[in-house]
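Coordinate inspection notes
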Amino acid sequence: MDLRSYNISEEQLCLASKLACSGLLCYQPFVFSNDVITGAGYEFAQSAEGAGLVHTNRIPKEFNLKSPGLQRHLIDSEIADDFKVHNEQLSSFYQSIIDMTLSKTGEAVDLTFADVGSNCGYFPLELSKRGAKKVVGFDSENYTEPYKLLNSILSTSAEFQHTAYDPVRGEIPDAGRFDVVFSVAVLLHLSDPLAHLAFLGKMAKKALFVWTPTSDDGDDELVVRYHSQNRYYENSKFPHCFDVVILSPAMLRRSLELMGFTEIHELKNTPAGLSDAWFEKHTGYLAIRPDSVSE
């Protein structure tokens, strides 16, 4: 999301840089200025986790330049141009998700939205820009400050709730129900992907969009594959310790059908989006309930 036309103040740029360097505003693609840019697009394109998520010259004095945490986030200046290009592609990909969803569900002004696992709020912010009746992001990490900063820049009203999905009860406390629910790159980090998917289905009144890494099993193979454990959540115990979990496309689609979604659209790549190779390893489905099927 390019924010350069919003007359961002120096104070806001410094805060954005501080939040990015601390890891709270780095994963999703935002362009605050020519020298404050964030996003995981380069890492996705290179399949190189650790290559960097932040391009900035405004590093707060309190940060140790040699600390592993800061080095994890900052890119090498030599890749700055590629970094920018790939994050533009990631932003285009995110926009394609929103565009496809609204093309099937109707105007944002008539709908309420939830983004479960929202990170710092790209989807809620964009939907709020488009006039959504209500939009709430949920995440187990506390992204209150990034939401506050981005809302102030964009003059939006995206809400954030710092609350975690409970794998035992299969719910997010006080989540409520929304017309449209988004889940982007969340299922792979959960040991109970089908139970979580069922929760998302109950949360969504009209439509559910899910994007997740998928396996290359056959068209009819209903498969869930467990890979890495405790990759990010080192305190999680069995059976909730797996955080790289891959579904087959057929399992994802069949799950949506079993929840009563009767119109299922697959997200297609766009020329300005991520690489075709990325789409070969991930699947995005927009599932719509029968009482809200578009004409």
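See the structure shown above.
Residues numbered from 1 in each chain as written. Predicted model: local features only at pLDDT ≥ 70, side-chain atom pairs only at ≥ 80, totals over all residues. Heavy atoms only, no water.

1. Some words on the sheet that holds strand S3 (residues 54–56)
The following threshold applies: What makes two strands pair is DSSP finding at least two bridges between them. Labels follow the DSSP assignment, with helices taken as runs of H or I lasting at least four residues and strands as runs of E lasting at least two, numbered in each case from the N terminus. Helix axes are fitted only over the stretch in contact, all axes being lines through C-alpha atoms; the angle between N-to-C directions runs from 0 to 180 degrees. Residue contacts are counted whenever heavy atoms from the two residues lie within 4.5 Å of one another.
With antiparallel pairing, three strands are arranged side by side in an open sheet as S1-S2-S3. With one partner strand each, in any of the chains shown, strand S1 (30–33) and S3 form the two edges of the open sheet. Neighbour to neighbour, the strand axes of the sheet diverge by 5 degrees on average, direction disregarded. Taken together, the three bridges between S1 and strand S2 (residues 36–38) define a ladder with antiparallel strand orientation. Across the sheet, residue Ser 33 finds its bridge partner in S2, namely Val 36. Of the strands in this sheet, S1, S2 and S3 touch helix H1 (residues 10–21), which is tilted by about 35 degrees from S2.

2. A short note on the environment of Glu 266
Quick reminder of the rule: The cut-offs for exposure are 20% and 50% of the maximum accessible area for each residue type, with area from a 1.4 Å probe on protein chains only; residues under the lower value are buried, those over the upper are exposed, and the others partly exposed.
Considering the arrangement of structural elements, one finds Glu 266 in strand S11 (residues 263–266). The class of Glu 266 is partly exposed, set by a relative accessible area of 38%. A C-alpha to C-alpha distance of 25 Å links Glu 266 and Lys 134, two positions 132 residues apart in sequence. In this structure, Glu 266 is in contact with Met 100, Thr 283, Gly 284 and Tyr 285, ignoring residues within four places of it in sequence.

3. Comments concerning the packing of aromatic side chains
Rule in force here: Planes of paired rings set the category: under 30 degrees apart is stacked, over 60 is edge-to-face and the rest tilted, where pairs are Phe, Tyr or Trp rings (Trp by its six-membered ring) whose centres lie within 6.5 Å. Two conditions define a charge located above a ring, namely a distance within 6 Å from the ring centre to NZ of Lys or CZ of Arg, and an angle within 35 degrees of the ring normal.
Counting across every chain of the model gives 20 aromatic pairs. Ring centres 5.5 Å apart and planes at 45 degrees place the aromatic pair Phe 30 and Tyr 122 in the tilted group. Of this pair, Phe 30 sits in strand S1 while Tyr 122 sits in helix H5 (residues 122–129), placing them 92 residues apart in sequence. Phe 30 sits in the buried class, given a relative accessible area of 0%. For the pair Tyr 226 and Phe 242, a centre-to-centre distance of 5.2 Å together with 70 degrees between the ring planes defines the contact as edge-to-face. You can see Tyr 226 sitting in strand S9 (residues 224–226) and its partner Phe 242 sitting in the loop between S9 and strand S10 (245–247), a full 16 residues away along the chain. We classify Tyr 226 as partly exposed; its relative accessible area is 41%. Members of the aromatic cluster, joined through ring pairs, are Phe 30, Phe 32, Phe 93, Tyr 94, Phe 113, Tyr 122, Phe 123, Phe 182, Phe 209, Trp 211 and Phe 279. The ring of Tyr 285 has Arg 253 lying over it, and the distance from NZ or CZ to the ring centre is 5.6 Å. Across from the ring centre of Phe 261, 4.1 Å away, lies the NZ or CZ of Arg 289, which sits over that ring.

4. Quick look at the layout of surface pockets
Note the cut-off: Definitions used for this entry: grid spacing 1 Å over protein atoms alone; cavity, a set of points where a 1.4 Å probe fits but cannot get out; pocket, an open set with protein on both sides within 12 Å along at least 5 of 7 lines; lining residue, one with an atom within 4 Å of a point. Grid points are joined across faces, edges and corners, and a volume is the space filled by probe spheres set on the points. Any residue outside Ala, Val, Leu, Ile, Met, Phe, Trp, Tyr, Cys, Pro, Asp, Glu, Lys and Arg is labelled polar, Gly included; the first ten of those are nonpolar and the last four are charged.
Size it by volume and the second largest pocket reaches roughly 210 Å³. Residue lining of the second largest pocket: 14 residues in total, with Asp 2, Arg 4, Val 31, Lys 84 and Glu 88 positioned closest to the centre. When residues of the lining of the second largest pocket are traced back to their parent elements, those giving at least two are S1, S2 and helix H4 (80–105). The leading source of residues in the lining of the second largest pocket is H4, at five residues. In terms of residue class, the lining of the second largest pocket is built from five nonpolar, five polar and four charged.

On their own, these measurements won't tell you what the molecule is for.
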